[in-house]
Amino acid sequence: MPTKRLPYKGSQRKLVLAFDVGTTYSGVSYSILDTNQVPEIKGVTRFPAQEHVGGDCKIPSLLYYDKSGAVRAAGAEAMREDIVSMKEDEGWVATPWFKLHLRPKNGVSTPNDVASKIPPLPPNKTPVQVFADFLRYLHTCTRSYIEETHGLALAPAGTTTSWWTTLENEGQIDFVLTHPNGWEGAQQETMRRAAVLGGLVKSQEEADNRISFVTEGEASLHFCLHSGLPAEALKNGKGALIVDAGGGTVDMSAYACGKTDEWFEEIAAPQCHFQGSIFVTFNARAFLEAHLRNSKFVDDVPHISECFDKTTKLRFRNQNDPQYIRFGGVRDKDLAFGIRSGQLRLEGSQVASFFAPSIACITESVKNQLTAAQKPIHSIFLVGGFAASDWLFSQLKENLEPLGLAVLRPDTHVPRPYTVFSSNKAVADGAISFYLDHRVSSRMSRFTYGVNCHVPYNPSDEDHRVRSITSWLSPSGARRVPGFFSVILPKNSQVSETKEFRRSYFEESDYLSNFSSVQVSLDCYRGKVDSPKWVDVDSDNYSSLCTITVDLSQMGKALGPFKGANGRVYYKADFDIILLFGLTELKAQLCWRERVGIFNFRGTEKRTPAKIVYEPMNTFT
């Protein structure tokens, strides 16, 4: 059900670039916006050292660093045989799956031992630095491709500056970065810092204005809509579930038509699970390490696992047929362990067991989405690189079709024989569609958000009495009890992009100077209590999402001074925190009213943006 896109109405040319940095493979899409022209979505289909050049190509998310910390190879170049040999001779360090070092601590379904399976980063390299280096590489390749393809390296008549340089200097290049559903503001801020460090933009201010984010699930929806999602799939209030199965994560996003067929709304809180295709390889390696423990080929397990990842895993279709991993030459033999002529024989059922945790996770997650969705879901659309696995697709159909669900896979996800799970660029294309079309009008909150604050002590309230030992006297002389969770947004709330969530708070102090920088922690409750009230109940499921920093000194006379108990002079700021949760990024504002006249009447409402600061350690390193 593609919708006709309107012509671009901007007054000057603009370039939009979407970078989809995946766990295993990455892709880039773009659109050149010219006045009164209908924008088109195009892909970067040519990268250095790439073997397969075509309309659906992606490159490995891989970097090699030398001992000095310099990048020596990236992308497809890092897979060349001469580079692999040089890597071993020179002691270069590879960075497979570096994206997972940015993963959040909370909010994502993660196998218990995932941290031990992700290779460490090179010495003295942080996740931000590695991500920045890869963004720089993608940016350089993208510029070369677009200049060569569209002539943007040429200067327009009468000028000496190329189109690209002019667009760059005038701030007319925007970026869209994609990330898994489970990533939050801290991960977005990390990616934004990496974009500055990688040279995509020149400053943090430019990054704030020119870089936007979209989840992989929402980008996949836009891709499906742009590619012709069957109209009947979302008619008559029907919902559809987008299952974006990638290299590292599996993202679940449920949508239905909104008030019109042009707009869509999220109908269940999105989910994210670390059960992508690399976890199939992790399971295979664990089996091989045990199976070959007493074999002379035990030291070859890393290589055999890599061969499984590149061949056997990709073509596996039938658990009743034996499977083979070719890893050596005709003289490599150990019949006791099923090795003959450089091939390891495995039962099909054993290979199926490597996929089983991912299949079980996806199946259970789909069932959870069916239960949580505000509208009935009738269709499942399987996208992402892992979607190219025929075994995954067939097993999901077998598990889910008895539930009355149609399990579909867009044509672009049908694999070529024996190619890697990277034959699509749905997320990169969908990210550009998100920028151009913006079809999602409301989203669902994944957790309960609020502020840990203090409230007036009530001796008749049992909850207050049991916490009386923590109560204290405020500067105004009132007795307060801390630890109350003031909910701003409950879990599973449908939030439009323009809806404001607002709560009133106050700050008291003996000193006026303390109001120049007031910090309010926005907390997140991820547990199962329906109406969380006190942060010392189920305390392990509370975490700080970010800190909202505001300057209250601009409130002027509204701050006082006031006189409290026993004539104590104090200052007080009454203000509202306004949050916009319906966007792909959290936005915050501070609101207050001026006090005017000798009687301090409340005047006009004033608003100012609040700075949101995320905890730098809210990711694994």
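Note: the structure precedes this text.
Model, not experiment: these values are computed from the prediction.

Right, let's get into the pattern of salt bridges. Applying the stated criterion across every chain yields a total of 35 salt bridges. Via salt bridges that share partners, Glu189, Arg192, Asp208 and Glu585 belong to a single interconnected network.

The three strands are arranged β6-β5-β7 in an open sheet whose pairing can be described as antiparallel. At either margin of the open sheet sits one strand with a lone partner, and together these are β6 (71-74) and β7 (93-94). Pairing of strand β5 (residues 63-65) with β6 involves three bridges; the strand directions are antiparallel. Bridging from a neighbouring strand, tyrosine 65 pairs with valine 71 of β6. Across the face of the sheet, helix α3 (residues 127-150) comes into contact with β5 and β6 while running at roughly 120° to β5.

Moving on: the nonpolar core. Val243 and Val366 are the most contacted members of the largest nonpolar core, which has 45 residues in total. Among the elements that make up this core, the one with the highest residue count is helix α10 (residues 348-372) (seven residues). Once you skip the residues sitting within four places of it in the chain, valine 366 turns out to touch Leu241, Val243, Met252, Ile380, Leu400 and Leu405. In terms of nonpolar packing, the next biggest core, distinct from the first, is built from 44 residues, Phe175, Trp183, Leu200 and Val201 among them.

With that settled, consider the environment of alanine 356. Assignment of secondary structure puts alanine 356 in helix α10. Through-space distance from the C-alpha of alanine 356 to that of leucine 335 is 28 Å; in sequence the pair is 21 residues apart.

Let us now look at empty space enclosed by the protein. Within this structure, the stated rule accounts for four cavities of 30 Å³ or more. Along the wall of the largest cavity there are 25 residues; nearest its centre are Arg446, Tyr449, Phe581, Leu583 and Thr584. Elements with a contribution of two residues or more to the lining of the largest cavity: α5 (185-197), β12 (264-273) and β18 (440-444). For the lining of the largest cavity, the residue count by class is 11 nonpolar, eight polar and six charged.

We now examine the sheet that holds β18. With mixed pairing, seven strands are arranged side by side in an open sheet as β17-β16-β10-β11-β12-β18-β22. Every other strand in the sheet has two partners, leaving β17 (406-408) and β22 (494-496) as the edge strands with one partner each. Pairs of neighbouring strands in the sheet enclose a mean axial angle of 25°, with direction left out of account. Sheet topology places strand β10 (residues 239-245) next to strand β11 (residues 250-257); seven bridges connect them, and they run antiparallel. Its bridge partner being in β11, isoleucine 242 is matched across the sheet by serine 253. Its contacts with the sheet place helix α7 (residues 216-226) against β10, β11, β12, β16 (377-383) and β18, and it is angled at close to 115° to β10. Each of β10, β16 and β17 is contacted by helix α11 (residues 390-400), which is oriented at about 170° to β17, the strand it contacts most.

One pass over the full model with this rule turns up 18 aromatic pairs. Measuring from centroid to centroid gives 5.6 Å for phenylalanine 287 and phenylalanine 354, while their planes differ by 50°, and the two rings are tilted. Here phenylalanine 354 lies in helix α10 and phenylalanine 287 lies in helix α8 (residues 277-291), a separation of 67 residues in the sequence. Overall, phenylalanine 287 belongs to the partly exposed group, its relative accessible area being 21%. Note on phenylalanine 484 and tryptophan 534: the rings are 5.4 Å apart at their centroids and 80° apart in plane angle, and the pair reads as edge-to-face. On the criterion of sequence distance, the pair formed by phenylalanine 484 in strand β21 (residues 479-489) and tryptophan 534 in the loop between β24 (518-525) and β25 (542-550) is long-range, its members being 50 residues apart. One aromatic cluster is present, formed by Phe98, Phe131, Phe134 and Tyr137 through successive ring pairs.

Thresholds, definitions, all that
Residues numbered from 1 in each chain as written. Predicted model: local features only at pLDDT ≥ 70, side-chain atom pairs only at ≥ 80, totals over all residues. Heavy atoms only, no water. Salt bridge = Lys/Arg side-chain N within 4 Å of Asp/Glu carboxyl O. Pairing = 2+ DSSP bridges. Helix = DSSP H or I, 4+ residues; strand = E, 2+ residues; numbered from the N terminus. Contact = heavy atoms within 4.5 Å. Axes fitted to C-alpha atoms, helices over the stretch in contact; angles between N-to-C directions. Core = buried A, V, L, I, M, F, W, Y, C linked by side-chain atoms within 4.5 Å. Buried < 20%, exposed > 50% of the residue type's maximum accessible area, 1.4 Å probe, protein only. 1 Å grid on protein atoms, 1.4 Å probe; cavity = no way out; pocket = protein on both sides within 12 Å on 5 of 7 lines; lining within 4 Å. Points joined across faces, edges and corners; volume = space filled by probe spheres on them. Nonpolar A, V, L, I, M, F, W, Y, C, P; charged D, E, K, R; others polar. Phe/Tyr/Trp six-rings, centres within 6.5 Å; stacked < 30°, edge-to-face > 60°.

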